[in-house]
Amino acid sequence: MERETDLSGRLAAKLACLETISALTKTLVRFARQQKTKGLLRVLAKRGQALAELVAINDALARAGLAERRATPGLSPLVAQIAALERKIVADNQELTHAAHLAYQAIKAGMRGLQEHRKMRSAYDLQGITWAGRRINCCK
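No experiment lies behind these values; they were computed from the predicted model shown.

A. Summary view of the nonpolar core. Ranked by size, the top nonpolar core spans 16 residues in total, and within it Leu 11, Cys 17, Leu 18 and Ile 21 carry the most contacts. Of all the secondary-structure elements, those providing two or more residues to this core are α1 (2-34), α2 (40-64) and α4 (76-123). No other element matches the six residues that α1 contributes to this core. If you look at the next biggest cluster of nonpolar residues, it comprises eight residues, including Leu 28, Phe 31, Leu 96 and Ala 99.

B. Structural detail: the pattern of salt bridges. Per the stated rule, a full pass over the model turns up two salt bridges. Between Glu 86 and Lys 14 there is a salt bridge; the shortest N-O distance is 3.3 Å. Taken as a pair, Glu 86 in helix α4 and Lys 14 in helix α1 lie far apart in primary sequence, 72 residues in all. Judged by relative accessible area, which is 32%, Glu 86 ranks as partly exposed. A salt bridge links Glu 95 to Arg 33; the nearest nitrogen and oxygen atoms lie 2.4 Å apart. Taken together, the positions of Glu 95 in helix α4 and Arg 33 in helix α1 put the pair 62 residues apart, joining distant regions of the chain. Relative accessible area serves as the criterion here: at 32%, Glu 95 is assigned to the partly exposed category.

What counts, and at which threshold
- Counting of residues starts from 1 at the beginning of each chain's written sequence and follows it residue by residue.
- Local features are withheld for residues below a pLDDT of 70 in this predicted model, meaning they are given only at 70 or higher, and side-chain atom pairs are given and counted only at 80 or more; totals for whole chains, interfaces and linings count all residues.
- Note that water and hydrogens are dropped before the side-chain values are worked out from all heavy atoms of the structure.
- The set of buried Ala, Val, Leu, Ile, Met, Phe, Trp, Tyr and Cys residues whose side-chain atoms join them within 4.5 Å is what this entry labels a nonpolar core.
- Relative accessibility thresholds used throughout: buried, under 20% of the residue-type maximum; exposed, over 50%; partly exposed, between the two (1.4 Å probe, protein chains only).
- Numbering of helices and strands starts at the N terminus; helices are DSSP runs of H or I of at least 4 residues and strands are runs of E of at least 2.
- Salt bridges, as used here, are contacts in which a Lys or Arg side-chain nitrogen is within 4 Å of a carboxyl oxygen on Asp or Glu.

Now the structure itself:
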């Protein structure tokens, strides 16, 4: 009985950690779509800490024994919630990757446009031409 409550506590901690990761992933997707980079590193650091915590919880669950978790009938709804949340996080990660790629492409296209504009301005630079007299259209 004590082992079952310990196992359920660990599974509850894993569920809470997964919910935190899911929320942070959704925040990252929103930041990527809006091309906001100001809070991106802070959110990535929090997500990294949550992932490290999840790894520690998974190690503790592996040491407790996966067969015991499957054999306990009272924990099956919690295990099903965890599995559904893990699938949702995988889908959110794919969405994050796609949004980040689109933001990268937009930034790359913007930078290419700026570079082409700079090239065109430097090609038609009229700074070195001396104007003769008072007429605008007379140049030497």
